[in-house]
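Given next are the chains, with one letter for each unit.
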Amino acid sequence: MTKVASSRWRAFRAAAFYVTATLLVAVWLLPLVIGVFTSLKSMDEIMANPVMWKPPKALRFENFGEAWNRAGMGRYIVNTFIVTIPSVAGALAVSSLAAFALAFYRFRLNKAVLVLFVAGMLVPFQMLMIPVFRMSNGLGIDDSFGGLILFHISFQLGFCTFFLRNFMKQIPYSQIEAPRIDGASDFTIYARIIMPLALPSIAALAVLEFTWIWNDLLWSLVLLRSDAIKTVTLGLANMQGEFITTYNLTAAGSILAAIAPVAVFLAFQRYFIEGLTMGADKG
Amino acid sequence: MPARRLKKSALAPWAFLALPLAMYVVWVIVPIFESFAFAFTKRDSIIYGPVFHGLANFRRLAGDGQFWLAIKNNLLWLVFFVGIPVPLGLLVAMLFNGGRPGSRLYKTLFYLPMTLSFTIIGTIWMWIYNPDFGALNTFLRSIGLDALAVQWLGDKRYMTGALIAVGVWRQVPYVMILYLAGLQGVPTELVEASLIDGASWWQRFRKVILPLLLPATIVAVTISVIDSLRSFDIVYVMTNTKARAAEVLASYMYSSAFQYADFGYGSAIAVIQFLITLVFILVYVGDVLKKESER
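Bear in mind that the values here come from a model prediction, so they are computed numbers and not experimental data.

Attention now goes to the overall build of chain A. The helix and strand inventory of chain A stands at 14 helices and zero strands. Helices (α) and strands (β) of chain A occur, in sequence order from the N terminus, as α-α-α-α-α-α-α-α-α-α-α-α-α-α. By the compact-globule yardstick of 19 Å for 283 residues, chain A is too spread out, its C-alpha radius of gyration being 24 Å. Overall size of chain A, expressed as C-alpha extent along the three principal axes, is 75 × 75 × 30 Å.

Right, dumping it as structure tokens:
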């Protein structure tokens, strides 16, 4: 192949990439574009011109205020933060203990405990629903933030432990040897040496867990009843019924509900994508 | 290497494991066994004091048309939720794999649907599927395919397909991520060549790239199978479990237990769902243990 031909070939390949990639992303995100457009339209415009992919003629930002106040999205979003932040922090803190034990100690049941955590994270939620609902009732923590947070922390231990343990396994043992000889206790090694080294994987995991717990519908459905403590997914599902004819408000509410996970994803996307691949790759 | 691991005291690992293991056992492991037990109890008796009901719940399942419909729908979910996202996710991953300027932005944008909850996604897709003014039918009519502009969520024949399409739309980006990880070990030129190089691209793809991607494929397939058997949110949000024609095991279990207060029957459905999933959980755990022994 001559030089000219090969550079043309390279240009063609680049053009093919950008055309295909742009088209693909545009088509794939069309539903989200429709959601954004709808959230900014007035109901009059939606009724008069029901072509969903047309941009709004006038931007009606009031929809967001109405969704926040009148439809109660503001409170649902606050509730979701109240559930999500302690759940993520708790799951990371508790699972890091288990991950440390499984990564650095040799003991007979090491593999068995690992399998228990891994298998548990894949069990269908339906298998846990009735017993967890019943136990929460029995302990008097049903219909409360605490009961939901406690469940989220416990259930997410499976994935978090597996994920963090795989990362910790890659930390060179020499990092532990020196402080041990200096007489540091096992807990000091965990808290002062290993946790700081595991920070990148903890960050990745935090991003993953934040979106998962924020987006959870099923467990809010099972464990929460009072409207005052409902989370955003549940609130939106209610809104669909209540504001059935005001699509623009429902769309605005959906976008408000999406801001936190999307912002976390965009801000930490490097961690997020690495996190998913790390977790998946190792198991 | 293992010989140099910490081993001061036999109790040390258990001191670290005590809290996580206790929480996990109480909230996850014990409930699995409880559900098995509840499957043999009468209606809502577990709330007031379990009444043994023998195999009655399972006998009822065998003759319950709604249950078999849920199984059939789950099978459809499984086939399409694996069959479409896995090859499509691989293709997209191969496209975005090269380090071309901007490819990270494409990856980020393509991944966005995965960060949104099914409540949001379901809401938007319900408008898209709206028979009168939904984007899908507007589009079909505008290109003269009026005959295809059907009641996507109102007609028993199309309902499950319409829901699966939404699930597939959200799953493709996830599979893409799994394959992007797998492709890290494959030379970029090789990947791009097999995408657009006319000569013998299929041979190269099949003989060189696919074998290298086998570990990623095992993960993508088992995760997709397990997720397909767990699908609940889309069905709940887009039908509110009232459209019984679209019911899957997960939603049928939920409606039986929490809408009709038949906890015994709901547990029996959960047990069946669990036993089907168990096969694939074992495959996944086996894969994890295999990788461990290779370490």
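Residue and element names in this part refer to chain A. If you check the domain split of chain A, you get domain 1 (3-60) and domain 2 (66-281). Summarising the inter-unit geometry, the C-alpha centres of domain 1 and domain 2 are found 33 Å apart. In this complex, domain 1 contributes ten residues to the contact, which on the side of domain 2 involves eight residues. Regarding the contact of domain 1 and domain 2, the summed buried area is about 590 Å², with carbon and sulfur atoms giving 68% of it.

Moving on: the layout of surface pockets. Considering only enclosed or pocket space, the second largest pocket measures out at about 360 Å³ in volume. Forming the boundary of the second largest pocket are 15 residues, of which V27, L30 and P31 of chain A together with W125 and I128 of chain B lie nearest the centre. Elements with a contribution of two residues or more to the lining of the second largest pocket: helix 1 (3-40) of chain A together with helix 7 (118-128), helix 8 (135-142) and helix 9 (156-183) of chain B. For the lining of the second largest pocket, the element with the most residues is helix 1 of chain A, which contributes five residues. Taken together, the residues that form the lining of the second largest pocket break down as 15 nonpolar, no polar and no charged.

The interface is formed by 98 residues belonging to chain B together with 106 residues belonging to chain A. Both faces combined, the contact of chain B with chain A buries some 10200 Å², and carbon together with sulfur accounts for 76% of it. On inspection of chain B and its partner chain A, the count reaches two salt bridges. Across the pair E34 of chain B and R134 of chain A runs a salt bridge whose closest N-O atoms are separated by 3.7 Å. Here the side of chain B that touches chain A gets 20 residues from one element, more than from any other, and that element is helix 1 (residues 12-38) of chain B.

Once that is clear, we can look at the pattern of salt bridges. Residue and element names in this part refer to chain B. Counting across every chain of the model gives 13 salt bridges over all chains. One salt bridge connects D262 with R60, and the closest N-O pair in it is separated by 3.0 Å. Here D262, found in the loop between helix 14 (249-259) and helix 15 (263-294), pairs with R60, found in helix 3 (residues 56-62); they are 202 residues apart in sequence, far enough to count as distant. For D262, a relative accessible area of 4% translates into the label buried. Taking the shortest distance from any N to any O, the salt bridge between R244 and E247 comes out at 2.7 Å. Using a relative accessible area of 28% as the deciding quantity, one classes R244 as partly exposed. Look at E247 and you get buried, because its relative accessible area is 0%.

Moving on to the packing of aromatic side chains. If you walk through the whole model with that rule in mind, you get 46 aromatic pairs over all chains. On the basis of an interplanar angle of 35 degrees and a centroid distance of 5.2 Å, the ring pair of W28 of chain A and F110 of chain B is categorised as tilted. Placement of the pair is W28 of chain A in helix 1 and F110 of chain B in helix 6 (residues 103-111), with the two residues belonging to separate chains. Side by side, W28 of chain A and F110 of chain B carry an identical accessibility label, which is buried. Between Y247 of chain A and W127 of chain B, the aromatic rings sit 5.9 Å apart at their centres with planes inclined by 90 degrees, giving edge-to-face as the arrangement. Residue Y247 of chain A is found in helix 13 (residues 247-267), and its partner W127 of chain B is found in helix 7; the two belong to separate chains. Residue placement shows R75 of chain A over the ring face of Y76 of chain A; its charged tip is 5.3 Å from the ring centre.

Right, let's get into the side chain of S96 of chain A. Counting through the fold element by element, S96 of chain A comes out in helix 4 (residues 73-104). Apart from residues lying up to four places away in sequence, S96 of chain A is in contact with L164, M168, Y190 and M195 of chain A.

On to the nonpolar core. One recurring pattern in soluble globular proteins: nonpolar side chains tend to sit buried together. Counting residues in hydrophobic clusters, the biggest one holds 198 residues, and the most contacted among them are M168 and W219 of chain A together with F96 of chain B. When we break this core down by domain, the ones giving at least three residues each are domain 1 (3-60) and domain 2 (66-281) of chain A. Here M168 of chain A is in contact with S96, A99, F100, A103, F104, I194, M195 and A198 of chain A, once residues within four sequence places are set aside.

The end-to-end C-alpha distance of helix 6 (residues 126-139) of chain A is 20 Å, a good match for the 20 Å that 14 residues give at a rise of 1.5 Å each. For helix 6 of chain A, the complete set of buried residues consists of Q126, M127, L128, M129, I130, P131, V132, F133 and S136 of chain A. Buried positions along helix 6 of chain A lie against helix 7 (145-169) and helix 11 (218-223) of chain A together with helix 1, helix 2 (45-48), helix 14 and helix 15 of chain B.

Criteria and thresholds
Residues numbered from 1 in each chain as written. Chains lettered and ligands numbered in written order. Predicted model: local features only at pLDDT ≥ 70, side-chain atom pairs only at ≥ 80, totals over all residues. Heavy atoms only, no water. Helix = DSSP H or I, 4+ residues; strand = E, 2+ residues; numbered from the N terminus. Rg over C-alpha atoms; globule rule 2.2 N^0.38 Å. Domains from an automatic or database assignment. Contact = heavy atoms within 4.5 Å. Buried area = accessible area lost by both parts, 1.4 Å probe. 1 Å grid on protein atoms, 1.4 Å probe; cavity = no way out; pocket = protein on both sides within 12 Å on 5 of 7 lines; lining within 4 Å. Points joined across faces, edges and corners; volume = space filled by probe spheres on them. Nonpolar A, V, L, I, M, F, W, Y, C, P; charged D, E, K, R; others polar. Salt bridge = Lys/Arg side-chain N within 4 Å of Asp/Glu carboxyl O. Buried < 20%, exposed > 50% of the residue type's maximum accessible area, 1.4 Å probe, protein only. Phe/Tyr/Trp six-rings, centres within 6.5 Å; stacked < 30°, edge-to-face > 60°. Lys NZ or Arg CZ within 6 Å of the ring centre and 35° of its normal. Core = buried A, V, L, I, M, F, W, Y, C linked by side-chain atoms within 4.5 Å. Expected span 1.5 Å × (residues − 1).

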